[in-house]
Amino acid sequence: MHNEENCRFAKTHEWAHMEGDIATVGISNHAQEEISDIVFVDLPKVGQQVTAGQNCCVIESVKSASEIYAPVSGEVMEVNTALTNDPGLVNREPHAGGWLFKVKMTAPAEYEALMDLSAYKATIQK
Amino acid sequence: MTTDLKTTPLYNACCQAGGRMVDFHGWLLPVQFQSIIAEHKAVRENAGMFDVSHMGQIWVEGKDAYPFVQYITCNNIKQTPAAGTYTHMLTPQGTIIDDMIAFCLNAEKFLIVVNAACRQEDFEWMKTQSARFNVTVTDASDQYGMIALQGPHALEKLEVLLPGISALPRFHIQAVELFGEPGYVTRTGYTGEDGAEIMLSPTGIVKLWEALLQAGVTPCGLGARDVLRLEAGYLLNGQDADQTRTPYEAACGWVVKLSKEDFIGKPALEKQKAQGLAQKLTAFELKGAGVPRHGCKIFYEGKEVGFVTSGTFSPLFKGIAVGYAQAGLTPGAQVEIEIHGRRIPAVVTKTPFYKNRV
C-alpha cells in the first residue's frame, strides 16, 4: 500500500507509487494543504493516455482550480471513484484513500527520475 | 514579501491566528485561517470575524453635507440620525465608481464607508465634486481598524463587551467607547447574516480581536467572505461592477431613485431606463459537477450570451455564479457555463441564493 515514505514526487507536487508497471498517482500532503477545501476532482478517463509533465486532471477547491500533472506517462487503468462523492478524501488522506488514478507506465525510467521524500521536502522548504 | 504591500493593524493578530496572507488590492490580508468551509459554517451557524480594516472611512461634514451626499450618489439617503443607506456613487455616464454605505450622524455629518480598492479614487472624486458645496471631505481611513463580526450569535458576543448594543437597529450606526477608545458600531455586514461592523483605533481594534477570539469567535478570511457574500447576492465592486456598468446593468435598479431632484449620472440612467438594457447581471446555479469561476463563458440556446464575473463553490448550493448575460433571461431558463472547456448545464435563478433573517 502506498504511503508518504514509499512514494516518489514530482516538483509539481504529485506523487507516484509503483507496483509492477502500474503507478498509483496522487497529490502530496503539502499540495492538499495549499489547495485546501477540495470540493470536486475532475478525474481523467479510464483508457486515456497521459504524458509525464502534462496536465491531465483538475482539482477544484472553494477558492481555485488546480491543474494536476501526470508524474509518469501511460494509460489510465483506473480512477478513484470514491472521490466523486467524497472529494474531501484528498485533503484527509492524500497518500492513502485520496489517490487519484492508476497508470500503466510506458516509460518506467520516468518513475526513477522522480524525487524521494527527503529530496521533495527540501524543495518545499525553500 | 514585497515591501509595498500595506498591512492593517490586525496583520500580526491574523498571522498569529494562522492566517494565510495574500495580496488583496495592495493589502496583505488573510485568505483563510483553517478552512474556508469551516469558516463559512461558523458564520452561518455561530459567529465569525473578518479583518476589514482596509475599508475606507470618509467623513462629509458641513452645512451642505446632506445635499452633497444626495448629489454624489443615486439612492435616496436617509437623514435620520443613526440611519445608514446603501448607495452607489456614479460617473456622469451613470456607471459605478463604487458602492458604499452612507451613515447619517446628524444633518451636517455623514460617515461614508467605501471599498478598499476604490478608497483613494472615491476620496478624490468626492473632493472634486465638493467644490461648489459647503462641506469638508476627510479621509479618516487610517484612523480606524475595522472588524466585521457576523453570524446568528455575533451580537451576543458583542453584547458582552458593549451591553445594549443588540438594540441597535439593522443598518444603523452608534458611537461607542471600547477599551477606553472611541469608535463606531454599525449593524451591517457582507455575509447575509446578522452582525455588526466595528470601527476602532488601530490599538483598540487589536484588543477587540483578542477579546472576540477569547469569546470563541472564529477568525475568517477573504475566501469565506467571498462565498458568503455571493450566496447573499451582494455585489463585489471591481469584479461584478465597474465604471463600464450602470446600477441597472448590475441588477441594482432598486438603488437608483430617479425621483430624486438631481444626482450625478441621473440623465444617463433616465436614458438607459427608457432604452432598455442589452446585458444584465444574472445569477446561475450549476446543475452539473464543477465550479464556475470568473471569466467562464455563458451559453443560451447554443449561443454565447455573456460571462461569469463571480463564481464559487457554495457549501449550501454547490456551484453558483453571477455574470453578465443578455437581459431578459428569467429564473428557470436553462443555460450552459463553460468550465475547463466543457459546457455544464446551469439554470438562471433569483438572488439572493441564501436568504436569512437579515
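For the structure, see preceding data.
These figures come from a predicted structure and were not determined experimentally.

Undergrad: Honestly, the overall build of chain B in this entry has me stumped. Any pointers?
TA: Helix and strand counts for chain B stand at 8 helices and 20 strands. Relative to the 2.2 N^0.38 estimate, which gives 21 Å for 358 residues, the radius of gyration of chain B is 20 Å and therefore close to what a compact globule would have. Principal-axis analysis of the C-alpha atoms gives chain B an extent of 60 × 50 × 40 Å. The proportion of buried residues among the 358 residues of chain B is 57%. Between the centroid of the 33 positive side chains of chain B and the centroid of its 36 negative side chains there is a distance of 6 Å.

Undergrad: Is there a simple way to explain the interface of chain B and chain A in this structure?
TA: Reports often express the size of an interface as the amount of accessible area lost when the parts come together. With 16 residues of chain B at the interface, the matching set in chain A holds 15 residues. For the pair chain B and chain A, the summed buried surface comes to about 1,200 Å²; carbon and sulfur atoms form 52% of the total. Sorting the residues of chain B by area buried against chain A places Arg20, Arg293 and His340 of chain B first, and these three jointly supply 39% of that buried surface. Of the charged contacts, one joins Arg342 of chain B and Asp42 of chain A as a salt bridge, the two residues approaching to 3.3 Å between their closest N and O atoms. Where chain B meets chain A, there are 14 residue pairs in polar contact (both at pLDDT 80 or more). Contributions of two or more residues to the side of chain B that touches chain A are made by strand E3 (27-32), helix H2 (36-45) and strand E17 (303-314) of chain B. Considered class by class, the residues forming the side of chain B that touches chain A number 8 nonpolar, 5 polar and 3 charged.

Undergrad: Please explain the environment of Ala346 of chain B as it appears in this structure.
TA: Residues and elements named next belong to chain B. Residue position: Ala346 is located in strand E20 (residues 342-349). In sequence terms Ala346 and Phe284 are 62 residues apart; their C-alpha atoms lie 6.2 Å from each other. Apart from residues lying up to four places away in sequence, Ala346 is in contact with Glu285, Leu286, Lys287, Ala333, Gln334, Val335, Glu336 and Ile337.

Undergrad: Where do I start with the packing of H2 of chain B against helix H7 (residues 222-231) of chain B in this structure?
TA: How two helices pack is summed up by the angle between their axes together with the distance between the axes. Residue and element names in this part refer to chain B. One way to put it is that H2 packs onto H7 with a least axis distance of 8 Å and a crossing angle of 50°. It follows that H2 is oblique to H7 by the angle criterion. The handedness of the crossing between H2 and H7 is right-handed. Residues Ile36, Glu39, His40, Val43 and Arg44 of H2 form the contact with H7, whose participating residues are Gly223, Ala224, Val227, Leu228 and Glu231. For the contact of H2 with H7, a count of residues per class yields 5 nonpolar, 2 polar and 3 charged.

Undergrad: What exactly am I supposed to notice about the pairing of strand E11 (residues 173-178) of chain B here?
TA: Each regular strand shows side chains that alternate between the opposite faces of the sheet. All names here are of chain B. Of the strand pairs in this sheet, E11 and strand E12 (residues 181-186) are connected by 6 bridges, and their pairing is antiparallel. Residue Ile173 lies in a different strand from E12, and its bridge partner there is Thr186. Between E11 and E12, which pair antiparallel in sequence order, lie 2 residues; one of them, Phe179, sits at a positive phi of approximately 55°.

Undergrad: Whenever I open this one, the sheet that holds strand E7 (residues 65-69) of chain A confuses me. Can you help?
TA: Strand pairs in the sheet, formed through backbone hydrogen bonds, run parallel or antiparallel to each other. All names here are of chain A. An order of E4-E6-E7 is seen for the 3 strands of this open sheet, with the pairing classed as antiparallel. Only two strands of the sheet have a single neighbouring strand rather than two, namely strand E4 (38-42) and E7. With strand direction ignored, the average angle separating the axes of adjacent strands in the sheet is 25°. Two strands pair when backbone bridges link them, and strand E6 (residues 55-61) and E7 are joined in this way by 5 bridges, in the antiparallel orientation. By the bridge assignment for E7, Glu60 is matched with Ala65.

About the cut-offs
Residues numbered from 1 in each chain as written. Chains lettered and ligands numbered in written order. Predicted model: local features only at pLDDT ≥ 70, side-chain atom pairs only at ≥ 80, totals over all residues. Heavy atoms only, no water. Helix = DSSP H or I, 4+ residues; strand = E, 2+ residues; numbered from the N terminus. Rg over C-alpha atoms; globule rule 2.2 N^0.38 Å. Buried < 20%, exposed > 50% of the residue type's maximum accessible area, 1.4 Å probe, protein only. Lys, Arg positive; Asp, Glu negative; His and termini not counted. Charge placed at Lys NZ, Arg CZ, Asp CG, Glu CD. Contact = heavy atoms within 4.5 Å. Buried area = accessible area lost by both parts, 1.4 Å probe. Salt bridge = Lys/Arg side-chain N within 4 Å of Asp/Glu carboxyl O. Polar contact = N/O pair within 3.5 Å; in protein donor to acceptor, adjacent residues only side chain to side chain. Nonpolar A, V, L, I, M, F, W, Y, C, P; charged D, E, K, R; others polar. Axes fitted to C-alpha atoms, helices over the stretch in contact; angles between N-to-C directions. Parallel < 35°, antiparallel > 145°, perpendicular 65-115°, else oblique. Left-handed = near helix turned anticlockwise from the far one by under 90°. Pairing = 2+ DSSP bridges.

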